[in-house]
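Results of the structural survey
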Amino acid sequence: MAEQEFDLATYLTDGVENIVKGAVRATLKDPKESAFMARYALASREASRRRAALEAQGEHIPPFLIASITSSCNLHCAGCYARENHICSDEKAFAQLSAEEWAAIFREAKDLGVGFILLAGGEPMMRRDVLQKAAEIPEILFPVFTNGTLMTDRYLRLFDQARNLVPIFSIEGDAQKTDERRGPGIYQSLIRAMDRMKETHLMFGASVTVTTSNLREVVSDEFISVLQERGCKVVIYVEFVPVTSDSSELAPQDAEREFLNDKLASLREQYPELLFISFPGDEKSSGGCLAAGRGFFHINPHGGAEPCPFSPYSDINVRDTSVREALHSRLFTALQEGDVLMEDHAGGCVLFERKDRVEALMSAE
């Protein structure tokens, strides 16, 4: 049988619509949350229309943006790619984008048809000023990837007022696995934060870094039940990318990915009220890596437009140009027109594994 031709635009548009539909189903029991998601569903369709119109004119706009809004973090998680790539440090933050500069980026992204902006760091809840700017753009959904340790009454009020801000708590499995990576007592801090979200009737999700060590646990009924009982609506699985050679054995390989994909299919049937997302998922079925503007791109705390957080290379800064122009940077164009994004690879990020090729493209005239 001939291999079915892959249509990237259809894949991305359907993916965004399915996420929104799943979120609406997941919030039907909360009238306030359901009302917001219904409004957002309309905004998402408008964003898809804008992207399609630009696509028809020969310009591709990805539906996702990852924004690392700070390099500061209050934890020292084992194997943290942000610290290894110097996105995150203990030094005093300097020359980072201001809240107003991030607001301008968010507004332009909305006008281009970007529907999701993932707020990361560092620890994004250390930049309340930026989160408040994001709250002013209800047409965009902002998942906030957080370690959960900074959840206060003041933040709960912000999340209640701005339903487009959705905390995504990073958790590694049970208390032992989570505290091993994130530090003593972090698991209980996460559980307390989740319980407070449930008491306030606020939607939240969980992000799990999948390794060969915790894979079977984090897709188990026991683990999913703990999250579901506390009101979690979205579970995002992110494959571990080894930033040092001594952690390479933790990176999932083909057998683990196949197991995860099969398990996700059964979890989606077993827990229809939860939304399960896998990143990067099966890249072969999605036509290759979606970084460098094919499906998403990354802006670092200083404004550099990068292919993805795991590939911290940039030849253009949004401080000096627009988001639209950054999407057509020489590096992004070379990656999209070349074959690197389509190559098979061992870990969760082809660009991280082929960083010598990316560096060569950076230095090419």
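Look up a bit, the structure's there.
Residues numbered from 1 in each chain as written. Predicted model: local features only at pLDDT ≥ 70, side-chain atom pairs only at ≥ 80, totals over all residues. Heavy atoms only, no water.

**Digging into the overall build of the protein chain**
Counting its regular elements, the protein chain contains 15 helices and 9 strands. A buried classification covers 55% of the 365 residues belonging to the protein chain. Sequence-distant contacts, at least 24 apart, represent 72% of the contacts inside the protein chain between residues at least 6 apart. A total accessible area of about 16200 Å² is found for the protein chain, and carbon and sulfur atoms account for 51% of it. (Helix = DSSP H or I, 4+ residues; strand = E, 2+ residues; numbered from the N terminus. Buried < 20%, exposed > 50% of the residue type's maximum accessible area, 1.4 Å probe, protein only. Contact = heavy atoms within 4.5 Å. Areas by Shrake-Rupley, 256 points an atom, 1.4 Å probe, with all protein chains shown as cover.)

**Topic: the nonpolar core**
Formed by 78 residues in total, the largest nonpolar core has its most connected members in Phe106, Ile117, Leu119, Leu131 and Tyr237. Here this core gets 7 residues from one element, more than from any other, and that element is helix α8 (residues 186-199). Those residues in contact with Leu119 that lie beyond four places of it in its chain are Ala67, Ile69, Phe106, Pro124, Leu131, Ala134, Phe142, Pro143, Val144 and Phe145. One finds Met37, Val234, Ile236 and Ala291 within the second-largest nonpolar core, a separate group that totals 23 residues. (Core = buried A, V, L, I, M, F, W, Y, C linked by side-chain atoms within 4.5 Å.)

**Looking at the pairing of strand β1 (residues 64-68)**
With 5 of 5 residues buried, β1 lies mostly within the body of the structure. Of the two faces of β1, the one holding Phe64, Ile66 and Ser68 and the one holding Leu65 and Ala67 are both buried throughout. Judged from the 4 bridges that link them, β1 and strand β8 (residues 296-299) form a sheet pairing that is parallel. Across the sheet, the residue bridging to Ile66 is His298, located in β8. (Pairing = 2+ DSSP bridges.)

**Looking at the pattern of salt bridges**
Under the counting rule described, the total for this entry stands at 15 salt bridges. The salt bridge involving Arg324 is made with Glu59; its shortest N-O contact spans 2.7 Å. Pair noted here: Arg324 is in helix α12 (residues 323-326) and Glu59 is in the loop between α2 (31-56) and β1, with a separation of 265 residues, a long-range link. Of the charged contacts, one joins Glu172 and Arg181 as a salt bridge, the two residues approaching to 3.4 Å between their closest N and O atoms. Considered together, Glu172 and Arg181 belong to a single accessibility category, that of buried residues. By sharing partners, the salt bridges in this structure join Glu46, Arg49, Arg50, Lys110 and Asp111 into a single network. (Salt bridge = Lys/Arg side-chain N within 4 Å of Asp/Glu carboxyl O.)

**Considerations on helix α4 (residues 99-112)**
Between its first and last C-alpha, α4 extends 20 Å over 14 residues, near the 20 Å set by a 1.5 Å rise per residue. Among all positions of α4, only Ala99, Trp102, Ala103, Ile105, Phe106, Ala109 and Leu112 are buried. Gly113 sits one or two positions beyond α4 and adopts a positive phi of about 105°. (Expected span 1.5 Å × (residues − 1).)

By themselves, these observations are geometric and do not establish any function.
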